Amino acid sequence: MAIHPQAGQPASLDSLIDVTELIEAYHSKQPDISLYPEQNVVFGTSGHRGTALNTTFNEHHILAIAQAVVDYRQQAGITGPLFLGKDTHALSDVAYQTVLRVLLANNITVKVEKSGEYIPTPVISHAILTHNETDGNQAKRQADGIVITPSHNPPEDGGIKYNTIAGGPADTAITDWIAKQANFYLKNALEGVKKLPVDAISHSPLKQDFDYIEHYVDDLQNVIDMQAIAKAGVKIGVDPMGGSGIHYWQPIAEKYGLNIEVVNKKIDPTFAFMPLDKDGRIRMDCSSSYAMGNLLKVQQDFDIAVANDPDYDRHGIVCPDAGLMNPNAYLAVAIAYLAEHRPEWSKKAQFGKTLVSSAMIDRVVAGLERELCEVPVGFKWYVEGLFSGAIVFGGEESAGASFLRKNGQVWTTDKDGFILALLAAEILAVTGKTPSQHYQALVEKYGQPYYQRIDVPTTASNKVKFANMDINAIDSKTLAGDPIIRTLTKAPGNGASIGGLKMETQNGWFAARPSGTENIYKIYLESFVSETHLAQLEQDAKQIINRIFTAE
């Protein structure tokens, strides 16, 4: 994709969202899924997302989804409290109130931030798990959660996701059930959906204050070596990118004596302070050098600089010697460091990666003589393993990860941008080297990877062919001149479908999968030889995929 000429530059005033118009559309536009199937509730890898402006994320959607979650809880026998979080997108505030109306009307106890603050995704996961550990001896008292967030998506978007009693994203069977039930309500004019009057919310005894900030911050010392960071005096720069964790950093600094400077304290639903991303849109993507432009300008002022997306499930790591780290590079460094500095972790437990993450991780884990668990895209695939301790670390190529407490017990089963940011400071404090310096050492040991992701236009019919491909009909023997040693349509870590195809050689690999929302397919490529070899991988990958499209 061509880089937009304004990428990395401030947004013009006329390009910012009209918050009033957006909120009005949320309340006034009503989906008609019988005529417009694109207005259906659809749960992807991170919940249901859309925008009120095109009637894909509106009050009726949220009323229906919230009631469907209530229905699921009833059939699953969950009668404990629900922990409710939200990020700083404009639609998150109004959707939060909508969800409250439905939950309270259905006699569900809802834990809300006592100060009225925003509540990040990992904080909700942590709250669910700690509640269920201390108060959940009986199944009926188990808690679950909802987070209102479209993650790093543009300011006009909204999103909602459901986290189970295991603390993490619900699996496909659950989200399919919730989506089907929500669409049933939409088809039937919301008949059966209960909702409290707006002015009754504040008076409900079921709406209970909870100090999310203190609860989470006080426990951080059990997952990160905060004492080492404080002792080393690591100077940490933080850009919250206007997100839900913005007011957590001062309590963290005060409790643990850390040298933290928040470089941007603005919360603005238009996100006008954000540099434009590579496509010219505002997107709070902490893995993008364009979106991270504000922090990169001051990278030399800090020993480590970090950023997170609006719901704090992603991380961006900036080192003064190398700038913004590639997410795959940092995941490899984090695994290598944690394997050596968490002695209470089981040596038999696995390190998790997605199939489209760098093979550098494979090489690092093999070098550690540990076991790798390779799963499809989506953090939901790590929930069970992190919960049980069978997986000690789970990471995604899109800059999201979580890992166990120092004692080998579960911390969160959703991505946690806080701990990955603080881990970068711990690595520097303990080893005296930045994560980027550690990565260079890995490159010297395991080779230099060249990684790329591209979007290729296609048709809806081709996407169907891709989904229904016969792996036995793929007769390719080589890829970029090397013998193909493995072809995958299912993840080796859990046997789940990857929704596409992956082919590997000794020197590189490609993976391809169709987009669930656009007429494109995504190709992920990696070479351990050269940029030229990477281009050969791309050419061969496209030829293989085209043969799938033209096969009878």
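Residues numbered from 1 in each chain as written. Predicted model: local features only at pLDDT ≥ 70, side-chain atom pairs only at ≥ 80, totals over all residues. Heavy atoms only, no water.

Q: So, the pattern of salt bridges: which residues are in play, and what are the values?
A: In the structure shown here, the tally under the stated rule is 23 salt bridges. Residue Asp211 is joined to Lys114 by a salt bridge in which the shortest nitrogen-to-oxygen separation is 3.5 Å. Of this pair, Asp211 sits in the loop between strand 6 (207-210) and helix 6 (212-217) while Lys114 sits in the loop between strand 3 (110-113) and helix 4 (121-135); the two residues are 97 residues apart in sequence, bridging distant segments of the chain. Two residues, Lys353 and Glu374, come together in a salt bridge whose shortest N-O distance is 3.7 Å. One end of the pair, Lys353, is in strand 12 (residues 350-354); the other, Glu374, is in strand 13 (residues 371-375), and 21 residues separate them in sequence. The burial state of Lys353 is the same as that of Glu374; both residues are buried. One salt-bridge network, held together by shared partners, links Lys161, Asp311, Asp313, Glu396, Asp414 and Lys415. (Salt bridge = Lys/Arg side-chain N within 4 Å of Asp/Glu carboxyl O. Helix = DSSP H or I, 4+ residues; strand = E, 2+ residues; numbered from the N terminus. Buried < 20%, exposed > 50% of the residue type's maximum accessible area, 1.4 Å probe, protein only.)

Q: I'd like to hear about the packing of aromatic side chains, residue by residue, with values.
A: Going through the model one piece at a time under the given rule, you end up with 21 aromatic pairs. When the centroid spacing of 5.5 Å and the interplanar angle of 75° are considered together, the rings of Phe83 and Phe210 count as edge-to-face. Note that Phe83 is positioned in strand 2 (residues 82-86) and Phe210 in strand 6, a separation of 127 residues in sequence. The burial state of Phe83 is the same as that of Phe210; both residues are buried. Here Tyr216 and Tyr248 contribute two aromatic rings whose centre-to-centre distance is 6.2 Å and whose plane-to-plane angle is 80°, an arrangement assigned as edge-to-face. Of this pair, Tyr216 sits in helix 6 while Tyr248 sits in the loop between strand 7 (235-239) and helix 8 (249-256), placing them 32 residues apart in sequence. Residue classification places Tyr216 among the buried positions, given a relative accessible area of 0%. (Phe/Tyr/Trp six-rings, centres within 6.5 Å; stacked < 30°, edge-to-face > 60°.)

Q: Requested: an account of the pairing of strand 15 (residues 400-403), with residues and values cited.
A: Of the two faces of strand 15, both are covered, the one formed by Gly400 and Ser402 as well as the one formed by Ala401 and Phe403. The turn linking strand 14 (residues 391-396) back onto strand 15 is made up of three residues, and Ala399 within it adopts a positive phi angle of 75°. (Pairing = 2+ DSSP bridges.)

Q: I'd like to hear about the side chain of Thr354, residue by residue, with values.
A: Within the secondary structure layout, Thr354 lies in strand 12. By relative accessible area, Thr354 is classed as buried at 0%. Apart from the residues lying within four places of it in its own chain, the contact partners of Thr354 are Glu374, Val375, Pro376, Val377, Tyr382, Gly395, Glu396 and Glu397. (Contact = heavy atoms within 4.5 Å.)

Q: Go over the pairing of strand 19 (residues 486-490) with me, naming the residues and quoting the values.
A: Strand direction decides the pairing type here: strand 19 and strand 20 (residues 497-504), joined by four bridges, are antiparallel. Residue pairing for strand 20: Thr487 is matched across the bridge by Met503. Between strand 19 and the antiparallel strand that follows it, strand 20, lie six residues; Gly495 among them carries a positive phi value of about 75°.

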